[in-house]
Amino acid sequence: MTQDLKILRLIKIIPPIIVIIFAILVNVIIISNNQATLKADIKTLRQDFIKTEKELVKSQVKQLVQQINYEKNSTRALLKKDIKSRVYQAHRIAMTIYEANKHKPEVQVTKLITDALRSIRFNQGRGYYFIYKTNGLNVMHSTLPVIEGTSKWDYQDIKGNYVVREMGQLAKSKGEGFSRWWFEKPQNKNKDFEKIGFSKHFSPYDWFIGTGEYVIDVENDIKQRLLQRISNISYGTNRYIFVIDYQGNYLSHHTKDLKKNNNHNQSLTTTTTTTTTTTTKRIIDVAKQGEDYLYYISSVMPSTAKPADKISYIVGLSDWEWAIGSGVYIGDIENYLATREKAISQQHKDQLSDILWLSLFVTLFFVTLSLFLANYLGRRFALYENQISTDFSELIKVKEQLQYQALHDSLTKLPNRILLDIQIEQGIALSKKNNTKLALMFVDLDDFKKINDLYGHSVGDELLATLGTIFNQMLSAGDSVARFGGDEFIFCFPELDNLADAERKAKRISEIFKQHFVINGKSIYSSCSIGVAMYPDDGDASEQLISKADIVLYKSKSQQKGNFLFFNDTINTQVQRDLLLESELHLAIANNELDVLYQPQIDAATGQIYGVEALVRWYNPKLGHVSPVEFIQVAEDVGIINDIGNFVIKKSLQDILQFNNRSNTQLHLSINISPKQLMEPDFVSNVINLTHEMAVDNRLITLEITENVLINDLAKVQPVLQSIRNSGMKLSLDDFGTGYSSLSYLSNLPIDEIKIDRSFIDKLLTNDQSESLVKTIIAIGQFCDLTVIAEGVETKEQYDHLRHYRCDLVQGYYFDRPLSLAALIATYQVSHETEPQITHIQN
């Protein structure tokens, strides 16, 4: 006990002593750090402020230069816009006068029009109108009336351009247009100046009305407008923008006297003071080199009207020979820094005083606190004991919550997959015991992604939560529903007597979606597809029933969304075939099962072969001959369409090169391109590299695309098509006329060829509408200078009609089925009749 008392005394004495010693050390350290921090803050302040001021000046000048460059670069556009509007105005005046007096003789109407237009001036009096007949005869010239009535057909500018002749031809052929010519200006005969004119055809008298403007005059107007704007820019008392030309004249400056003296300063050597001359020369030197900062003594500081040190950022405009700059005076910087340094020093003193007082208070506080430490520790032991008891209660609650979360979906509060398996197995056991059936229904919301995209994921989540509540409310005793994942739910209905009971359950689920759901004030309509698997008919385990319900759900969605479908052997057989097809397709290229056949394309006018279309074929030992319609879609879905496409491209290029090398006839090759293959990043470069390596003439290659490529992402596909066209290869739009917007593609895309869909050719002789469509498509192709090819030609009558309509190319069973390379060589490397003597082959 004595020992314990000593420990208690030490506990009471030692803590206050430790607190006091610690407080003294802390105060010493704080004072030392305060002084060091003060010096560092002042140094950093100076560096950062100067840097900031320089960057601010630089950004102000650069921003102004960007604005000037924009104005400068828009000179021609502004000029063209102005003179075009002026000529349009004159044309309207002339047309109005003509319409009101067209019953009068041309001479009288001409005088009325010329009298109305002759005195009109614009652009500070520089602009005027002139009228010529398109054969060069001058009708009116506002500034040179002496030439009226004379022909200026052979009039040339300094560069030999026939000014009137070219304007007349342009107005005659296109109705209106811009022209360019070069003349000396009266004020400067030692230099050629560009002049831009605009003319518009006046059809009643075969005139063209025009006007023109020197580019340099418009540019000078822009300069004066910019200088006026710059002269009004200021950033406080001592900050402004100045502009000096390379001859040393101040074009814009805060000090107006410098601008007034420009007329007296003929050179840098005659300025008022040597200091100003030197500074101006230094500014111009920096501007000629591009841009940079410059330290110098300014001739005058606006706030003091005395010379002062200054930092300026100078940018040169070489085209206009301007030096543009702005700066900050060193005196302003130093005044600001002195004020800030004084404020920082006082702030540090105040902080130090506050810290010392706080340190004293803290020391007293902790000394007092340590005296009650022993009692505090005793009380804490009691508190810890109570806290442990409370923590155990919390742990039990957390355990229960974790158990619930482990078996339920957090969004819908429905059982999750773990609890679902348990409930299904329980339902199977109950149905087996009572010799009844169990229905497992796999429910998937149709187009749920569209709801998320249209209304947002929060609305989609709220819809799922609402459905979870509705699903749970429709359950009978023993039934269960779980969220399987995403927008998928699984219902388990045990103890059903027959399939009719299961159908009624499925209909009840579907009927839920006949109503609309109001989510966050939005009215949402949805539907679901249901796949149903039955115990014991389709399986006796949870995993089997879920798998088969999922399979039949997939089939239900592919046939028609919004329906339910029961699993059966037919569906199972089809699914197994689909799985086998997908599996075998991955090995088709490696096992050399793919082949390329070629269907001839015939010149309709001559009957001679023009080219071939490459068609991929697949024969598999297990599946037999598989239609391209079937396996191409699978290849796109599983991501191997690029491998198959590359095989077809390489094989067809090799074959057509072999044919052309042995024949005088150079066949063209058409290759169908999948949308996904076309959008591969390296597709175009890979094809170009392949044709280059094999020495194939790109002009013989046509890549066929379907309209769905354009519908899905026109903005993305357009540059790809342009790259193909630039390489020399041609582009063909397959199945033309079957889409809803095909015509718009002809003007916006680099299409060379259109293919008339076989559905139109089939009805060519039996349906007037199809015949009209075919003739229209051919006419469109001729109008747009496109090659038109008709596919699916199977009779001589069809061929004769297409040839009569001047269709360019034809292909179909009337000429030949798709041929192997050997058959193609054997048939078409030898001479054959203009019209192939081929009996029509039934497809």
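In this report, the structure presented in the accompanying data block is examined. (Residues numbered from 1 in each chain as written. Predicted model: local features only at pLDDT ≥ 70, side-chain atom pairs only at ≥ 80, totals over all residues. Heavy atoms only, no water.)

### What about the overall build of the protein chain?
Working step 1: Scanning the protein chain for helices and strands turns up 26 helices and 26 strands.
Working step 2: Relative to the compact-globule value of 28 Å for 843 residues, the protein chain shows a C-alpha radius of gyration of 45 Å, a clear excess of over 25%.
Working step 3: C-alpha atoms of the protein chain, sized along the principal axes, occupy 130 × 115 × 60 Å.
Working step 4: When each of the 843 residues of the protein chain is scored for burial, the buried share is 44%.
Working step 5: In the protein chain, the proportion of contacts linking residues at least 24 apart, taken out of those at least 6 apart, comes to 62%.
Working step 6: Summing over all exposed atoms, the protein chain offers an accessible surface of approximately 45500 Å²; the carbon and sulfur share of this is 53%.
Working step 7: Charged side chains in the protein chain number 91 positive and 99 negative. The centres of these two groups are separated by 11 Å. (Helix = DSSP H or I, 4+ residues; strand = E, 2+ residues; numbered from the N terminus. Rg over C-alpha atoms; globule rule 2.2 N^0.38 Å. Buried < 20%, exposed > 50% of the residue type's maximum accessible area, 1.4 Å probe, protein only. Contact = heavy atoms within 4.5 Å. Areas by Shrake-Rupley, 256 points an atom, 1.4 Å probe, with all protein chains shown as cover. Lys, Arg positive; Asp, Glu negative; His and termini not counted. Charge placed at Lys NZ, Arg CZ, Asp CG, Glu CD.)

### Considering the pairing of strand β13 (residues 488-496)
Working step 1: Of all nine residues in β13, seven are buried, a share of seventy percent or more.
Working step 2: For strand β11 (residues 437-445) and β13, the ladder comprises seven bridges, and the chain directions are antiparallel. Bridge pairing in β13 links V443 to F489.
Working step 3: The antiparallel pairing of strand β12 (residues 480-485) with β13 creates a hairpin that spans two residues between the two strands, and G486 there sits at a positive phi of about 60°. (Pairing = 2+ DSSP bridges.)

### Regarding helix α15 (residues 569-586)
Working step 1: Look at α15: 26 Å from first C-alpha to last across 18 residues, which is about the 26 Å you get at 1.5 Å a residue.
Working step 2: Residues I571, V575, L581, E584 and L585 constitute the buried set of α15.
Working step 3: Where α15 is buried, its residues touch α14 (542-559), β17 (564-566), β19 (609-620), β20 (624-626), α16 (628-638) and α17 (641-661).
Working step 4: Its side-chain oxygen placed 3.1 Å from the backbone nitrogen of T570, N568 serves as the N-cap of α15. (Expected span 1.5 Å × (residues − 1). Polar contact = N/O pair within 3.5 Å; in protein donor to acceptor, adjacent residues only side chain to side chain.)

### Here we look at a nonpolar patch on the surface
Working step 1: Where nonpolar side chains cluster on the molecular surface, the patch consists of L10, I13, I14, I17, I18, I21 and L25 and spans about 650 Å² of accessible area.
Working step 2: Secondary-structure assignment places I21 in helix α1 (residues 2-73).
Working step 3: I21 sits in the partly exposed class, given a relative accessible area of 48%. (Patch = residues over 30% accessible without salt bridge, like charges linked within 9 Å, V, L, I, M, F, W, Y side chains within 5 Å. Salt bridge = Lys/Arg side-chain N within 4 Å of Asp/Glu carboxyl O.)

### Some remarks on the environment of C492
Working step 1: Along the chain, C492 turns up in strand β13.
Working step 2: As a C-alpha pair, C492 and V481 span 11 residues in sequence and 6.2 Å in three-dimensional space.
Working step 3: Ignoring any residue separated from it by four or fewer positions in sequence, one finds C492 in contact with Q423, I424, L438, A439, D479 and S480.

### So, α16
Working step 1: Among the residues making up α16, those that are buried are F631, V634, A635 and E636.
Working step 2: Looking at the buried side of α16, the elements it contacts are α15, β19, β20, α17 and α18 (675-678).
Working step 3: You can read the cap of α16 off the contacts: a side-chain oxygen lies 3.2 Å from the backbone nitrogen of V629, and it is on S627.
Working step 4: The positive-phi residue at the C-terminal boundary of α16 is G639, with phi of around 85°.

### Notes on the packing of helix α11 (residues 448-455) against helix α12 (residues 457-473)
Working step 1: It is the contact of α11 with α12, at a shortest axis distance of 6 Å, that shows an interaxial angle of 135°. Here α11 is positioned oblique relative to α12, judged by the angle of their axes. Between α11, through F448, I451, N452 and Y455, and α12, the contact on the second element is made entirely by H457, V459, G460, L463 and L464.
Working step 2: A class-by-class count of the residues in the contact of α11 with α12 yields six nonpolar, three polar and no charged. (Axes fitted to C-alpha atoms, helices over the stretch in contact; angles between N-to-C directions. Parallel < 35°, antiparallel > 145°, perpendicular 65-115°, else oblique. Nonpolar A, V, L, I, M, F, W, Y, C, P; charged D, E, K, R; others polar.)

### Describing the packing of helix α10 (residues 417-434) against α14
Working step 1: Taken N-terminus to C-terminus, the directions of α10 and α14 make an angle of 105°; their axes are 9 Å apart at the nearest point. As judged from the angle between their axes, α10 and α14 are roughly perpendicular. Here L420, D421, I424, E425 and I428 of α10 come into contact with α14, specifically with S542, L545 and I546.
Working step 2: Residue composition of the contact of α10 with α14, grouped by class: five nonpolar, one polar and two charged.

### Observations regarding the sheet that holds β12
Working step 1: An order of β12-β13-β11-β16-β17 is seen for the five strands of this open sheet, with the pairing classed as mixed. What marks the edges here is a single partner per strand, and that holds for β12 and β17. If you compare each strand with its neighbour and ignore which way they point, the axes differ by 20° on average.
Working step 2: Pairing geometry for β12 and β13, over five bridges, is antiparallel. Pairing of G485 across the sheet is with E488, part of β13.
Working step 3: Strands β11, β12, β13 and β16 (528-535) of the sheet are contacted by α10, whose axis makes an angle of about 20° with β13.

### Considering the nonpolar core
Working step 1: If you look at the biggest cluster of nonpolar residues, it comprises 77 residues, and the most contacted ones within it are I724, L802 and V810.
Working step 2: The element best represented in this core is α17, accounting for seven residues.
Working step 3: Excluding its chain neighbours within four sequence positions, the residues that come into contact with V810 are P600, Q601, I602, A604, I789, A790, V793, Y799, L802 and F815.
Working step 4: Residues F471, F493, I512 and I524 belong to the second largest nonpolar core, which totals 33 residues. (Core = buried A, V, L, I, M, F, W, Y, C linked by side-chain atoms within 4.5 Å.)

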